[in-house]
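One-letter residues, chain by chain:
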Amino acid sequence: MHRGGVSFAMHRLTGLLPILAVAVLWEAVSRLGLTSPVLLPPFSVVIQRLARLTVTGELPWALWVTTYRSFIGLFIAAVVGMAVGLAMARVLSVRWFFNPVVAVGFPLPTITLLPAFTIWFGSGDESKIWLVALTCFFPIAVSTFEGARNMNRQLLWSAQSMGSHGIALFRRVILPASVPFVFSGVRVALPLAVIVTFVAEMVGGGGGLGFLLIYGYRFLQTPTVLAALVAVLIFGVLLDQLLLWSRRVFLPWDASDRARDG
């Protein structure tokens, strides 16, 4: 294996050591009887329950439901947030309208709107999707706005001097320069989408990983509760890595975050 590949693999394995240490400590605390198994079952028991839920199909179906709701909501937020962010950067009247909206909505804990969304859209997919879309809209819009507003002025002037104006300037210069900031906003919004979906499923029901967790809680099945939490953690890490990979594939010219992301 290439030396660089060995170093990369060692770096990844070293990064797993803290997780392995937590798992070993968890197992030891439970096996030594330092806590009740009802409160904290052994880590191995949780992994066994995770495997059983996977084999029976309960976990894959719950994961699919949560993924569907998270991704549809995130997609809506990405499209609308990117459009609004770019418009805010280029059109003064749009910025005047959306500035107070973003200032009020960004710090709002949108999960508190779940009862209202449930009344408006029901307890199924729609309420979760629209709540995710609202939550993720703000970081994506703000990141896109900052990217489009603070782009390299020399690049903009050079394009204008070469005859690019209007739609052509937007398509050839402003949009490509803003895409890395859109990815950054999406990376911030991605865990928010999963968290909001998960909590909404816990509170509002309708299936998904959140409902699986609350079902285990109601019947005091602690291994099921912890298995759902472990599944969410693994799911979140994989999604983040997938996003970083897609950024490297679709934005090979952008190396601004490569050192930090890698």
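Counting restarts for each chain: residues are numbered from 1 in the order of the written sequence. Confidence filtering applies because this is a predicted model: local features only for residues at pLDDT of at least 70, side-chain atom pairs given and counted only at 80 or more, and all residues used for totals across whole chains, interfaces and linings. With hydrogens and water set aside, each side-chain value is computed from the structure's full complement of heavy atoms.

In the nomenclature of an unreviewed UniProt entry, the protein corresponds to ABC transporter permease from the organism Saxibacter everestensis. UniProt positions are given in the numbering used here, feature names are shortened, and annotations may be inferred rather than shown by experiment. The annotation that UniProt attaches to the protein under Subcellular location (unreviewed entry) is "Cell membrane".

**Student:** Would you take a moment to explain the packing of helix α5 (residues 114-121) against helix α6 (residues 125-149) for this structure?
**Tutor:** Each packed pair of helices is defined by two parameters, the angle between the axes and the distance between the axes. Contact geometry for α5 and α6: axes closest at 8 Å, N-to-C directions at 130°. Taken as axis vectors, α5 and α6 run oblique relative to one another. Relative to α6, the crossing made by α5 is right-handed. In this structure, α5 contributes Leu 114, Phe 117, Thr 118 and Phe 121 to the contact, and α6 contributes Glu 126, Ser 127, Trp 130, Leu 131 and Leu 134. Across the contact of α5 with α6, the residue classes tally to six nonpolar, two polar and one charged. Axes, fitted as lines to C-alpha atoms, cover a helix only where it is in contact. Angles between the N-to-C directions of the axes lie from 0 to 180 degrees. Where helices and strands are cited, they refer to DSSP runs of H or I of at least four residues and of E of at least two residues respectively, numbered from the N terminus. Should an angle lie under 35 degrees it is considered roughly parallel, over 145 roughly antiparallel, and from 65 to 115 roughly perpendicular; all remaining angles are considered oblique. Here is the rule for handedness: rotate from the far helix to the near one, and if that takes an anticlockwise turn smaller than a right angle the crossing is left-handed, while a clockwise turn gives right-handed. Contacts are residue-level and defined by heavy atoms, with any inter-residue pair within 4.5 Å sufficient. Each residue gets one label: Ala, Val, Leu, Ile, Met, Phe, Trp, Tyr, Cys and Pro are nonpolar, Asp, Glu, Lys and Arg are charged, and the others, such as Gly, are polar.

**Student:** How should I be thinking about the packing of aromatic side chains in this particular structure?
**Tutor:** The geometry of an aromatic ring pair is captured by the separation of the ring centres together with the interplanar angle, meaning the angle of the planes. Centres within 6.5 Å are what make two rings of Phe, Tyr or Trp a pair, Trp counting through its six-membered ring; a difference in plane orientation under 30 degrees is then read as stacked, over 60 as edge-to-face, and the rest as tilted. Going through the model one piece at a time under the given rule, you end up with 11 aromatic pairs. Ring geometry for Tyr 215 and Phe 219: centres 4.9 Å apart, planes at 50°, overall tilted. Buried residues are those whose accessible area, probed at 1.4 Å on protein chains only, stays under 20% of the maximum for their type, while exposed residues exceed 50% and partly exposed ones sit between those limits. By relative accessible area, which is 53% here, Phe 219 ends up exposed. One aromatic cluster is present, built from ring pairs that chain together Phe 117, Trp 120, Phe 121 and Trp 130.

**Student:** Help me understand the confidence of the model for the protein in this model?
**Tutor:** Regions with low pLDDT should not have their predicted coordinates read in detail. Residue-level confidence of the predictor is summarised by pLDDT, bounded by 0 at the bottom and 100 at the top. Averaged over every residue, the pLDDT of the protein is 82; the share at 70 or more is 80%. Confidence drops under a pLDDT of 50 for residues 258-262, and excluding neighbours within four residues, the segment shows seven contacts in the predicted structure.

**Student:** I'm lost on the nonpolar core in this one. Help?
**Tutor:** For soluble globular proteins, the rule of thumb is that nonpolar side chains tend to be buried together. Counting residues in hydrophobic clusters, the biggest one holds 50 residues, and the most contacted among them are Leu 59, Leu 74, Cys 136, Ile 140 and Leu 209. Contributing elements (two or more residues each) for this core: α2 (43-56), α3 (58-90), α5, α6, α8 (166-204), α9 (209-218) and α10 (222-250). Other than its neighbours up to four places away in sequence, Leu 59 contacts Leu 50, Leu 53, Thr 54, Leu 209, Leu 212 and Ala 231. Here, nonpolar core refers to any group of buried Ala, Val, Leu, Ile, Met, Phe, Trp, Tyr and Cys residues whose side-chain atoms link them within 4.5 Å.

**Student:** Could you clarify how one ought to interpret the UniProt feature "transmembrane region" (unreviewed entry) in the protein in this entry?
**Tutor:** Under the UniProt annotation, the feature "transmembrane region" (unreviewed entry) is placed at residues 68-89, 101-123, 129-148, 169-186, 192-217 and 224-244. Split by type, residues 129-148 is 100% helix and 0% strand. Its first and last C-alpha atoms lie 27 Å apart. Taken end to end, residues 192-217 has its terminal C-alpha atoms 23 Å apart, with 85% of it in helix and 0% in strand.

**Student:** Teacher, can you tell me more about the pattern of salt bridges here?
**Tutor:** Where side chains of opposite charge bring their charged atoms close, a pairing between them can arise. Salt bridges are defined as contacts in which a side-chain nitrogen from Lys or Arg sits within 4 Å of a carboxyl oxygen from Asp or Glu. Tallied over the full model, the rule gives four salt bridges. The residue Glu 27 makes a salt bridge to Arg 31 at a minimum N-O spacing of 2.8 Å. One end of the pair is Glu 27 and the other is Arg 31, both in helix α1 (residues 3-31) and four residues apart, which spans about a single turn. Judged by relative accessible area, which is 54%, Arg 31 ranks as exposed. Between Arg 69 and Asp 125 there is a salt bridge, and its shortest N-O distance comes to 2.8 Å.

**Student:** Looking at this model, I keep getting lost on α2. Mind explaining?
**Tutor:** Note that an α-helix has 3.6 residues per turn; residues three or four places apart therefore point the same way. For α2, spanning 14 residues, the distance from its first C-alpha to its last is 20 Å, which sits close to the expected 20 Å at 1.5 Å a residue. Of all the residues in α2, the buried ones are Val 46, Arg 49, Leu 50 and Leu 53. Mapping the buried residues of α2 onto a view down its axis gives an arc of 105°, with all of them on the same face. Pointing more than 90 degrees away from the buried face of α2 are the exposed residues Gln 48 and Val 55. Residue Gly 57 follows α2 closely and has a positive phi angle near 95°. Between the first and last residue of a helix there are one fewer steps than residues, each counted as 1.5 Å, and that sum is the expected span. Note: the arc covers the axis-to-C-beta directions of the helix.

**Student:** Explanation requested: the environment of Leu 108 in the structure shown.
**Tutor:** With respect to the helices and strands, Leu 108 occurs in the loop between α4 (92-105) and α5. A sequence separation of 27 residues divides Leu 108 from Thr 135, and the C-alpha atoms of the two residues are 8.7 Å apart.

**Student:** Help me out: how do you make sense of the packing of α3 against α4 in this one?
**Tutor:** The geometry of α3 relative to α4 is characterised by a closest axis approach of 6 Å and an angle of 120° between their N-to-C directions. One finds that α3 runs oblique with respect to α4. With respect to the hand of their crossing, α3 and α4 are arranged in left-handed fashion. Packed against α3, whose contacting residues are Val 84, Ala 87, Met 88, Ala 89 and Arg 90, the element α4 presents Leu 92, Val 94, Arg 95, Phe 98 and Asn 99 at the interface. For the contact of α3 with α4, the class distribution of residues is seven nonpolar, one polar and two charged.

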